[in-house]
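Given next are the chains, with one letter for each unit.
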Amino acid sequence: MFLPIFELGPSWLVKGIIASILGILYFIYTREAAPLRKIPGPFLASITKLWVVNKQRGFKRPLVDMELHRTYGSIVRVAPNEVMVSSPKAFRTIYGAGSHFKKGEWYIGTGDCGWSGPDNLDLLSEQSMEKYRAQRRGIGPAYTESYMRDIESNIDAIVAKNIGIMHQRAGQSVDLDIFFNMFASGELVILNTPIPVLTISDCLSMATFSKAKNLVELNKADESIHFIHRIWKYMHLAGYFPNFHRFVSWCTHSTSLGWLKHTIQLLSPSMDGRDRTSKTSSLPPEHVFAFPIKHIQQRMAERDDKLTSPTDELSTDIAARLLQLQAEKGQLSDKWIMGMCMTNYGAGVETIGITIGAFVNNIVTHGCQERIHQEIDSGRRAGILSTPPKLREMKDHLPYLSACLSESQRLHPVIGMPLVRIVPDGGCELEGKVLPAGTTVGLNPWVFARDKSLYGEDADIWRPERWLEYSPEKLKHLETYNITFGTGARSCPGKYLAQAIYTKMIPMLLSDFEWSFSNPDAEKVLQCTFSVRYIKLMMEWKVRQETTKTG
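Residues numbered from 1 in each chain as written. Predicted model: local features only at pLDDT ≥ 70, side-chain atom pairs only at ≥ 80, totals over all residues. Heavy atoms only, no water.

### A short note on the pairing of strand E2 (residues 82-85)
Here E2 shows two buried faces, one formed by Glu82 and Met84 and the other by Val83 and Val85. Where strand E1 (residues 75-79) and E2 come together, four bridges link them in antiparallel fashion. What sits directly across from Arg77, in E2, is Val83. A loop of two residues connects E1 with E2, the two strands running antiparallel in sequence. (Buried < 20%, exposed > 50% of the residue type's maximum accessible area, 1.4 Å probe, protein only. Helix = DSSP H or I, 4+ residues; strand = E, 2+ residues; numbered from the N terminus. Pairing = 2+ DSSP bridges.)

This is the structure in structure tokens:
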């Protein structure tokens with residue numbers, strides 16, 4: 001039986017009154033006295049960050065943010081100390097050359113809070129720009145456009161092999177996102193069929209190690225993609241509670257309570273207390289990083305045993321190049337090399353898989369396949385396209401296909417959340433509003449990609465022809481606002497690796513096959529956990545007659 005508060009004693013009454021007064025004062029401050037009080041936005045967002053966290057939980061952040069900007073304009077308050085902006089001028093201020101805006105606390109939730117040691121490499125969560133720049137300089141030569149030409153034959157071999165298997169399995173229905181993630185990450189899975197799961201070597205494995213996963217021979221299915229998805233479902237929320245994430249990270253490394261560690265791993269399977277950058281790390285086969293760790297450990301063991309020196313390495317791949325750079329310049333530690341090889345899988349998989357999946361969805365949805373097929377067939381007959389296409393052949397000889405890719409990347413950026421930064425000392429002015437130092441501010445790529453001052457009044461609609469109409473000067477101007485691979489000092493080091501893979505895969509997927517939705521009337525469901533994918537969007541392909549005639 002509950003007692004009235006006055007029967008609990010005067011101390012409870014006093015505490016209740018004090019709590020109520022503090023709540024009222026907080027409410028008045030955030031609404032009427034805080035520096036961000038004049039910035040428009042939802043009422044509840046001005047009082048608590050739980051408003052934006054709740055929106056994040058719905059996995060629809062791109063759609064939420066687009067609606068917010070339509071309602072409130074180019075600057076919106078989404079939490080007591082966080083605003084979103086979207087304009088070319090704001091973009092230059094926050095992310096442009098010479099910017100002093102540091103990454104926001106949200107990124108703490110994507111890292112291990114230092115438990116891998118000060119020599120760890122985690123380019124996404126790294127807060128120290130000095131360390132970040134040193135790591136980028138060290139790994140840079142292994143990810144240049146020119147080095148992609150050196151490993152091009154590795155990528156060609158596996159793309160051709162994957163396409164060959166797709167010929168055998170034409171007519172199958174697949175989950176578009178999972179299928180292309182597997183294609184990029186290490187296994188090509190044919191779903192919803194009575195045949196055994198088919199797994200083959202992939203582009204990233206061949207580019208990094210010149211080796212396939214060989215799961216066909218093992219007759220095993222790799223769960224790495226689902227593993228990545230589960231990790232991000234935790235991290236995209238944990239970023240809003242950095243101290244909670246620090247506590248959870250501490251628990252995984254400091255407690256011996258099995259039940260607690262098991263509970264934490266239900267939140268995120270990556271939080272297992274292991275130092276994955278140790279040369280003695282051992283991970284279960286289903287772990288997303290098991291394959292890269294195993295093979296880089298083998299390379300390092302060969303080096304340490306002096307069976308072969310990095311400069312004599314027979315393989316031509318990214319791992320070999322990183323070890324060679326380590327021997328020549330001494331800038332790269334073993335932890336940095338292991339961290340970068342894992343980054344190829346953790347970041348590269350989603351970037352490539354989502355890019356290709358969104359592209360296929362868009363060209364089928366908007367009826368662009370026939371024109372693309374005609375362009376590819378003409379190029380093949382003219383002898384200007386290789387099989388698979390060489391680097392830059394798609395851009396140089398397939399203008400309409402390239403335009404469709406640019407339009408797809410514009411309307412479906414891989415990242416669907418604001419890339420948050422912290423306003424530096426002295427504050428700044430954005431969109432006519434003064435923001436004090438310490439304010440979290442960010443721009444959502446999905447919103448910015450629809451900016452009418454950049455792309456015209458029809459920026460909200462699919463029209464790939466715009467990329468053929470723009471002048472060279474206009475294209476160069478737009479490139480300065482392209483955040484497909486990040487921007488400024490924080491741009492993605494794997495840009496040329498990703499481009500090398502998907503600009504080979506995409507022409508082959510359209511040259512050889514015709515795509516369609518398994519159920520054209522099915523609802524398309526977006527899911528954003530930092531990256532944005534369609535879930536359970538089923539598609540199928542059939543072999544084209546033109547391919548049959550010329551193949």
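This is not the end of the story, as more comes after the structure.
### Side note on the pattern of salt bridges
For the structure shown, the criterion picks out 19 salt bridges. One salt bridge connects Glu152 with Lys504, and the closest N-O pair in it is separated by 2.7 Å. Taken together, the residues span a long stretch of sequence, with Glu152 in helix H7 (residues 152-168) and Lys504 in helix H25 (residues 495-512) at a distance of 352 residues. Note that Arg299 is salt-bridged to Asp317, the shortest N-O span being 2.8 Å. With Arg299 in helix H14 (residues 290-304) and Asp317 in the loop between H14 and helix H15 (318-329), the pair connects residues that are 18 residues apart, well separated along the chain. Because the salt bridges share partners, they merge into one network encompassing Glu407, Arg410, Asp458, Arg463, Arg466 and Glu469. (Salt bridge = Lys/Arg side-chain N within 4 Å of Asp/Glu carboxyl O.)

### Examining the nonpolar core
The biggest cluster of nonpolar side chains holds 139 residues, and the ones touching the most others in it are Leu322, Phe359, Ile372 and Trp515. Top element by residues in this core is H25. It accounts for ten residues. Setting aside anything within four residues of it in sequence, one finds Trp515 in contact with Met166, Phe179, Phe180, Val360, Val364, Gln369, Leu509, Met539, Glu540 and Trp541. (Core = buried A, V, L, I, M, F, W, Y, C linked by side-chain atoms within 4.5 Å. Contact = heavy atoms within 4.5 Å.)

### Side note on helix H3 (residues 61-72)
With twelve residues, H3 should cover 16 Å at 1.5 Å per step; its first-to-last C-alpha distance of 16 Å lies within 8% of that length. Among the residues of H3, Arg61, Pro62, Val64, Asp65, Met66, Leu68 and His69 are the ones counted as buried. Contacts from the buried residues of H3 go to helix H2 (50-57), E1, E2, helix H21 (445-448), strand E10 (525-529) and strand E11 (531-535). Positioned one or two residues after H3, Gly73 has a phi angle of 105°, which is positive. (Expected span 1.5 Å × (residues − 1).)

### Concerning helix H16 (residues 334-346)
Between its first and last C-alpha atoms H16 spans 18 Å; for 13 residues at 1.5 Å apiece the expected length is 18 Å, and the two agree. By the criterion of burial, H16 is predominantly enclosed, with eleven of the 13 residues buried. Buried within H16 we find Asp334, Lys335, Trp336, Ile337, Met338, Gly339, Met340, Cys341, Met342, Asn344 and Tyr345.

### Topic: the side chain of Arg77
With respect to the helices and strands, Arg77 occurs in strand E1. Only 3.5 Å separates the side chain of Arg77 from the backbone oxygen of Ala79, close enough to count as a polar contact. (Polar contact = N/O pair within 3.5 Å; in protein donor to acceptor, adjacent residues only side chain to side chain.)

### Describing the packing of aromatic side chains
Scanning the entire structure with this criterion turns up 14 aromatic pairs. With 5.6 Å between their ring centres and 50° between their planes, Phe91 and Tyr95 make a pair best called tilted. In this pair, Phe91 and Tyr95 both sit in helix H4 (residues 88-95), four residues apart, roughly one turn of the helix. The burial state of Phe91 is the same as that of Tyr95; both residues are buried. Centre to centre, the rings of Phe291 and Tyr345 are 6.2 Å apart; their planes meet at 55°, and the pair counts as tilted. Here the residue Phe291 occupies a position in helix H14, and Tyr345 occupies one in helix H16, the gap between them amounting to 54 residues. (Phe/Tyr/Trp six-rings, centres within 6.5 Å; stacked < 30°, edge-to-face > 60°.)

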